[in-house]
Structure formats: structure tokens, C-alpha cells
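# A closer look at the structure
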Amino acid sequence: MSDRLIRLIRIINLIQSSPGIKSKELAERCETTERTIYRDLEMLSAARVPIMSDGYGKGNRFVGNFSLYPLDWTEDEAVAFGMMPNILDPINHLIPPDFYSAYEKVMATHQKEKSDMQDVLQKMVSIIQMGTPAFQEEQSNFLSPVIQAIMNSKSIKVVYHTQSRDVTTERFLDPYYLIPRDHRFYLIAYCHEKEGIRTFRLSRMLEVKQTEESFKKKDFNVKEYFRHTWSIIQGTDKIHFKVLFRPTIARYIKEEELFVTPKLTERSDGSLLFEVTLNHDREFLQWIMQYGTDAEILEPVYYREKMKQVLKDWLEIYQ
């Protein structure tokens, strides 16, 4: 989701700098598909960003005087620029008076940019509805502060509840990516306590506070991190699954939006052979089970037997 938010902001900047830019060019510049761009434009419209399209393939522009200021500074750049009067103080007599009025205008623009970006962010976050865990009466929404910390490259302090061990700890994190999975958000972050990359479920965060500490991403590739991972749970195995989907369901499987790249082989009878190598089995098996008799595990044989046992256990419950 954080990647999408960054793309949305880039779309706004591209339309501002090139009024009439076509969706095809937006897709090329954002390294995505036109279909995704159209969905993004719909989301921006829902957030009341006044974008007008002249029709399919005819370009996009803003309605009225809407704009975002073009400074696009990082926090470090803003801090460095803000130090200029102190740096120049020893040679103040050599600085033209107009420099300081220009400096004040630039800093005012920066503050206005931060305020406007915050407003846009809040509007976007407000239309992303999150569920509430069944055991909680009310859920705090930390989506906005986490996204801000990612965009500003600022570390965060988090009070986090680990469900598997039923313990609550305070963590100091460098937030890298926000990942949507199964109607939930997960934060991929460098944990200073564990000295490594960890995955945190957003709904298990009890407190989130952005610090003034800046960070730079370590040598980390999110695609490599999730390689062979079906959803969120990661393991160390390399399990090569072969699943046969019946013709009645095959066409729907081909349009599933997955986080791994399976090998798909269409058979003459309309069925679909689905092959994928994963490092953990649980989430994949849960996905397979939703298709009932329309999905058959062919390999590994161990999982065919495991599925038989699961079905026997279910049958015993309902007898």
C-alpha cells in the first residue's frame, strides 16, 4: 500500500508538471499498467483531488487552481537549507537584503507543501477502511503515521503485541514497506532490538510514535525477501506444489492476483496445472481448500495424504 501511495503522489506531480499527460505515459513513468493508473485516478477522485480527463487517451489535468508545491524536499534537505542563515551569518554584510526575503518565501513554500501533502495523505488514508480485530472494541488506525515515517525515512517507536507469545514489547524500527495481505496491513521494518528485518502486523501495534532519527535502507530487496512466500508466513523449506484445477474454476485461477509467480499449464480438457515453489505450506493450503473439489493436490504426495487426514478430521467433527 505504501508503494501505491507513493505512486499516487507521483501521479499528482506528473499531472501538475505536464497538464494533459496521457494515462499511457503516466503508466510508463510510474512503471505500472494503464489499468492500474485508471484505478489510481479513481482513488484520487474519491479523495477529492480534482482531476479531469478529456476522455480515453486524451490526457489528464487538474480542475481549477489545485496544485502541489514543487519543492519535494527530503527532511534532511529542508534542515540543511534551514541552516543557511546561521552559516551565512559571519559574512552577513556581503549578503544582499533580498536574499532573506527570498529565503523566507522558500521556507514558507516548504511549510505549505508539508501541510498540503499532509492533507492529501489524510484524505487518502480516510478512504482506506481497515477492519477491527474481533477481541477489540475499537481499533487505533496507525496507517497515517506509519506511511509518513516511511516517506520521511524516520524511525518509529512502537508498542507491539506478539500474539504467538502473548507478550507486549517496545520496538525501535526503521519502517521500509507497508504490505497489504488478506485484508490486513503488515509493516516490513528493520528492528534494532533483533538487529534484522522483521514483519509486523499493523493491527497489533498499540502505540506508534515517529522519532527524529533518520535512517537509510540497508541492503534490502523486498521482492527477494518475499521470494517463494505465499503471503506473509515465511519458512526455510522449498516445497514444489503441483495442483490441478478443474475446468469450471481454471479461468478464475488465471486472474488471481498473487505475490509469487506460478507456472500455469492449460490442458486440452480445460483444466489448469498450477505449479509453485514455496518456503512454507500453511497459507497456501488454506487458499487451496477454499476451492474444495475443484482443486486437487498432485504433488508432493505427502500433502495429498495430509489433505486426506484433514478431511477425515472434519468428517469426524460433523458425524
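Residues numbered from 1 in each chain as written. Predicted model: local features only at pLDDT ≥ 70, side-chain atom pairs only at ≥ 80, totals over all residues. Heavy atoms only, no water.

### A look at the pairing of strand β3 (residues 154-162)
Of all the 9 residues making up β3, 8 are buried; the element is thus mostly covered by neighbouring parts of the structure. Here β3 runs beside strand β7 (residues 205-214); their pairing, made up of 6 bridges, is antiparallel. By the bridge assignment for β7, Y160 is matched with M205. Pairing between β3 and strand β4 (residues 167-181): 7 bridges, direction antiparallel. Bridge pairing in β4 links I156 to L173. Between β3 and β4, which follow one another and run antiparallel, lie 4 residues, and D166 among them has a positive phi close to 55 degrees. (Buried < 20%, exposed > 50% of the residue type's maximum accessible area, 1.4 Å probe, protein only. Helix = DSSP H or I, 4+ residues; strand = E, 2+ residues; numbered from the N terminus. Pairing = 2+ DSSP bridges.)

### Quick word on a nonpolar patch on the surface
On the surface, L311, W314, I317 and Y318 cluster together into a nonpolar patch covering about 540 Å² of accessible area. Here L311 is to be found in helix α11 (residues 301-317). What makes L311 partly exposed here is its relative accessible area of 47%. (Patch = residues over 30% accessible without salt bridge, like charges linked within 9 Å, V, L, I, M, F, W, Y side chains within 5 Å. Areas by Shrake-Rupley, 256 points an atom, 1.4 Å probe, with all protein chains shown as cover. Salt bridge = Lys/Arg side-chain N within 4 Å of Asp/Glu carboxyl O.)

### Structural notes on the pairing of strand β9 (residues 263-266)
Where β9 meets strand β10 (residues 272-278), 4 bridges bridge the pair, whose relative direction is antiparallel. Counted as the bridge partner of E266 is L272 from β10. Linkage of β9 to β10, two consecutive antiparallel strands, is achieved through a turn of 5 residues, within which G270 is found at a positive phi near 95 degrees.

### Let's talk about helix α3 (residues 34-46)
Helix length check: α3 (13 residues) gives 18 Å between terminal C-alpha atoms against 18 Å at 1.5 Å per residue, within 8%. Among the residues making up α3, those that are buried are T36, I37, D40, L41, M43 and L44. Buried positions in α3, seen along its axis, are confined to an arc of 160 degrees and lie on one side of it. Every exposed residue of α3 that faces more than 90 degrees away from the buried side is listed here: R35 and E42. In the segment just after α3, R48 is the residue with positive phi, at about 70 degrees. (Expected span 1.5 Å × (residues − 1). Arc of directions from axis to C-beta.)

### Focus on the sheet that holds strand β11 (residues 295-299)
What the 4 strands build is an open sheet, ordered β9-β10-β8-β11; its pairing is antiparallel. The strands lining the two open edges of the sheet, one partner per strand, are β9 and β11. Strand-to-strand twist across the sheet, computed as the mean angle between neighbouring axes with direction ignored, equals 25 degrees. Sheet topology note: the strand β8 (residues 239-245)/β11 ladder contains 4 bridges and is antiparallel. Bridged to V243 within β11 is I297. Along the sheet, helix α10 (residues 282-289) makes contact with β8, β10 and β11, crossing β8 at roughly 5 degrees. Against the sheet, α11 makes contact with β8 and β11, and its axis sits at roughly 140 degrees relative to β11, the strand it touches most. (Axes fitted to C-alpha atoms, helices over the stretch in contact; angles between N-to-C directions. Contact = heavy atoms within 4.5 Å.)

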